[in-house]
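Descriptive analysis of the structure
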Amino acid sequence: MDHTVFEVGVAIGLIALAGLLSAKLRFSVIPFYILVGMAVGPHAIEWWHFDFRFIESAPLIEFMGRIGVLFLLFYLGLEFSVGRLVKSGRSIAVGGTIYILINFTLGFLFGWAMQLPIQEILIVAGITTISSSAIVAKVLVDLKRTANGETEMILGIIMFEDVFLAVYISIVSGLVLSGSSSFGGVALSALIALGFMLFILVVGRKCVPLLNRALRIRSNELFMLVIFAGLFMIAGFSETIHVAEAIGALLVGLVLAETEHMKRIEHLILPFRDFFGAIFFFSFGLTIDPFALGGAVWMSLGAVAVTLFGNFVAGMWAGRVAGLSPKASANIGLTIVARGEFSIIMANLAKAGGLLPIIQPFAALYVLILAVLGPLLTKESKAIFGPLDRVFKFTRSYNKRKEAAAASQEP
């Protein structure tokens, strides 16, 4: 008998309980959603009609989770705009390069220190380099930081990471799955990804007057259908040319943020963002088997320590290049520390290539720890930055640079 609808109902009930518990404890809801997903899944029990393994409903829950990522990134794009992104283009490119360079290098050196073979080192470097777009988006929205100055850099790094990911997956999949990789294919993949993003941003901005007229639809039902059609079609097309569908959704949001209908779209999208976003984090937890994590504990903890260090350094450096204050720079590194969906993709690539079996539990535990720590570090960034500032004098150095720059401009 098909119990899919009932299983989905049980899943939503568990998600609601996790949300109520997090509200009671006044803690970020994301770790609770992930942990309740981990508590059930294929390793859980079946009791009467209550099948906590979610065997029948797993594909549907996973798909609903994918929709959740789209809504999270789409909403984040709405809170931002193409104009703000374009103004910070140069600093974003430099900041993204700094972030990738530091985190990839540290990930590569960590894999080498673990005495892994070269293919496994490349996988580990990929796992430890790419942030979770979904978690970052959720945290920025929940903490109402979308208007902060450093958010431009955070969004830019997320988009920059996606171009890097398109190139890197092309290289690593060629090495791991076929033993070779075509330079021409890699270059073409990177150019297509970058070209697509620029095309959407530039053409979308030029089409704002047309979009303003086209979206003057009285019926909320028809208005929502038109918006959703555009969102899903562009996000889905993005995936076919190796640009993450979440980035496609972000691009759509950035374009529509320029229109006169932004507030109306935002109002209609909120319930979908919250509902499907919660399901994403639950479905992510379902993919983690807690009984398979034991052998990778020390390796995962080491990688977490390396990532925390690398992210903070990269955030401070990228923020300095962009002229941001030390506190805002620290927010960059602490906000994008979470790892998630992209790291799991890299781990699955290792599994498909028959690499060392420790990669899977390592990736799962590493991602889980940072998915829990990420929102907490972002929320407490002020408390974390304070003691570090007293030791390393970030603010004092920043003020001295400002004074020196102001003095040099005086006649």
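Naming follows an unreviewed UniProt entry, where the protein appears as Cation:proton antiporter of Paenibacillus mendelii. Quoted verbatim from the Subcellular location (unreviewed entry) field of UniProt, the annotation for the protein is "Membrane". Listed in UniProt under the heading Sequence similarities (unreviewed entry), the comment for the protein reads: "Belongs to the monovalent cation:proton antiporter 2 (CPA2) transporter (TC 2.A.37) family."

Thoughts on the overall build of the protein
Each helix and strand in the protein was counted, giving 19 helices and two strands. The globule rule puts the C-alpha radius of gyration for 411 residues at 22 Å, and the 22 Å found for the protein is close to it. Each principal axis of the C-alpha atoms in the protein carries an extent, and together these give about 85 × 60 × 50 Å. By sequence separation, contacts in the protein at least 24 residues apart represent 83% of the contacts at least 6 residues apart. Of the roughly 18900 Å² of accessible surface on the protein, a fraction of 68% belongs to carbon and sulfur atoms. Between the averaged position of the 30 positive side-chain charges in the protein and that of its 26 negative side-chain charges there is a distance of 12 Å.

Some details on the packing of helix α15 (residues 326-335) against helix α18 (residues 381-392)
What describes two packed helices is the angle between their axes and the distance between those same axes. Packing of α15 against α18 leaves a shortest axis separation of 10 Å and a crossing angle of 120 degrees. Relative to α18, the element α15 lies oblique. For the crossing formed where α15 meets α18, the hand is right-handed. Across the interface between the two elements, P326, K327, A330, N331 and L334 of α15 pack against S381, K382, I384 and F385 of α18. Grouping the amino acids of the contact of α15 with α18 by side-chain chemistry returns five nonpolar, two polar and two charged.

Details of helix α11 (residues 220-240)
With 21 residues, α11 ought to run about 30 Å at 1.5 Å a step, and its terminal C-alpha atoms sit 30 Å apart, in line with that. When α11 is considered as a whole, its buried residues turn out to be F223, I227, F228, L231, A235 and S238. All buried residues of α11 lie within an arc of 120 degrees about the axis, which places them on one face of the element. Pointing more than 90 degrees away from the buried face of α11 are the exposed residues E221, L225, M233 and T240. Two or three places before E221, at the opening of α11, S219 has a side-chain oxygen 3.3 Å from that residue's backbone nitrogen.

Concerning a nonpolar patch on the surface
A contiguous nonpolar patch, built from L21, L25, F27 and L376 and spanning about 330 Å² of accessible area, is present on the exposed surface. Relative to the assigned elements, L25 resides in helix α1 (residues 4-25).

Here we look at unusual backbone geometry
Residues other than glycine predominantly adopt negative phi, and peptide bonds predominantly adopt the trans conformation. Of note, the phi angle at F54 is positive, near 55 degrees, even though the residue is not glycine. Topologically, F54 is positioned in the loop between β2 (50-51) and α3 (58-79). For F54, a relative accessible area of 1% gives the class buried. Phi is positive for Q115, which is not a glycine, with a value near 60 degrees. Tracing the backbone shows Q115 in the loop between α5 (89-113) and α6 (118-129).

Here we look at the environment of V226
Here V226 shows up in helix α11. V226 gets classed as partly exposed once you look at its relative accessible area, which sits at 41%. Taking the C-alpha atoms as reference, V226 lies 36 Å from L35; in sequence the two are 191 residues apart. Once residues lying within four places of it in the same chain are set aside, the contact partners of V226 are L215 and I217.

Examining the side chain of S131
Along the chain, S131 turns up in the loop between α6 and α7 (133-142). Within the local environment of S131, its side chain forms a polar contact with the side chain of Y99, the two groups lying 3.1 Å apart. At 2.8 Å, the side chain of S131 forms a polar contact with the backbone oxygen of I336. Setting aside residues no more than four positions away along its own chain, S131 makes contact with Y99, E161, I336, A338, R339 and F342.

So, the nonpolar core
Taken as a class, soluble globular proteins show a tendency for nonpolar side chains to be buried jointly. Ranked by internal contacts, the top residues of the largest apolar core, which has 133 residues, are F74, I123 and F282. Those residues in contact with I123 that sit more than four places away from it in its chain are Y168, V172, V176, M346, L349, A350, L355 and I359.

A closer look at the packing of α7 against helix α13 (residues 262-286)
Running from N to C, α7 and α13 cross one another at 135 degrees; their axes reach a closest spacing of 11 Å. When the interaxial angle is binned, α7 and α13 end up oblique. In the crossing of α7 with α13, the sense of the turn from one axis to the other is left-handed. Residues A134, I135, K138 and V141 of α7 form the contact with α13, whose own contacting residues are R273, D274, F280 and F281.

Brief notes about the packing of aromatic side chains
Any two aromatic rings considered together are summarised by their centre-to-centre distance and by the angle between their planes. Taken as a whole and judged by the stated rule, the model has 19 aromatic pairs. Judged by centre distance (5.3 Å) and plane angle (80 degrees), the rings of F104 and Y168 are edge-to-face. Of this pair, F104 sits in helix α5 while Y168 sits in helix α8 (residues 151-178), and the two are 64 residues apart along the sequence. Overall, the relative accessible area of 7% leaves Y168 in the buried class. When the centroid spacing of 6.1 Å and the interplanar angle of 55 degrees are considered together, the rings of F312 and F394 count as tilted. Placement of the pair is F312 in helix α14 (residues 297-321) and F394 in helix α19 (residues 394-409), with a sequence separation of 82 residues. An aromatic cluster of three or more residues is present, and its members are F71, F228, F232, F272, F275 and F276. Here the guanidinium or amino end of R264 rests over the ring plane of F223, the centre of that ring lying 3.9 Å away. Taking the ring centre of Y75 as reference, the NZ or CZ of R273 above it sits at 4.4 Å.

Here is what the cut-offs are and how they apply
- Residues numbered from 1 in each chain as written.
- Predicted model: local features only at pLDDT ≥ 70, side-chain atom pairs only at ≥ 80, totals over all residues.
- Heavy atoms only, no water.
- UniProt positions renumbered as here; feature names shortened; annotations may be inferred.
- Helix = DSSP H or I, 4+ residues; strand = E, 2+ residues; numbered from the N terminus.
- Rg over C-alpha atoms; globule rule 2.2 N^0.38 Å.
- Contact = heavy atoms within 4.5 Å.
- Areas by Shrake-Rupley, 256 points an atom, 1.4 Å probe, with all protein chains shown as cover.
- Lys, Arg positive; Asp, Glu negative; His and termini not counted.
- Charge placed at Lys NZ, Arg CZ, Asp CG, Glu CD.
- Axes fitted to C-alpha atoms, helices over the stretch in contact; angles between N-to-C directions.
- Parallel < 35°, antiparallel > 145°, perpendicular 65-115°, else oblique.
- Left-handed = near helix turned anticlockwise from the far one by under 90°.
- Nonpolar A, V, L, I, M, F, W, Y, C, P; charged D, E, K, R; others polar.
- Expected span 1.5 Å × (residues − 1).
- Buried < 20%, exposed > 50% of the residue type's maximum accessible area, 1.4 Å probe, protein only.
- Arc of directions from axis to C-beta.
- Polar contact = N/O pair within 3.5 Å; in protein donor to acceptor, adjacent residues only side chain to side chain.
- Patch = residues over 30% accessible without salt bridge, like charges linked within 9 Å, V, L, I, M, F, W, Y side chains within 5 Å.
- Salt bridge = Lys/Arg side-chain N within 4 Å of Asp/Glu carboxyl O.
- Core = buried A, V, L, I, M, F, W, Y, C linked by side-chain atoms within 4.5 Å.
- Phe/Tyr/Trp six-rings, centres within 6.5 Å; stacked < 30°, edge-to-face > 60°.
- Lys NZ or Arg CZ within 6 Å of the ring centre and 35° of its normal.

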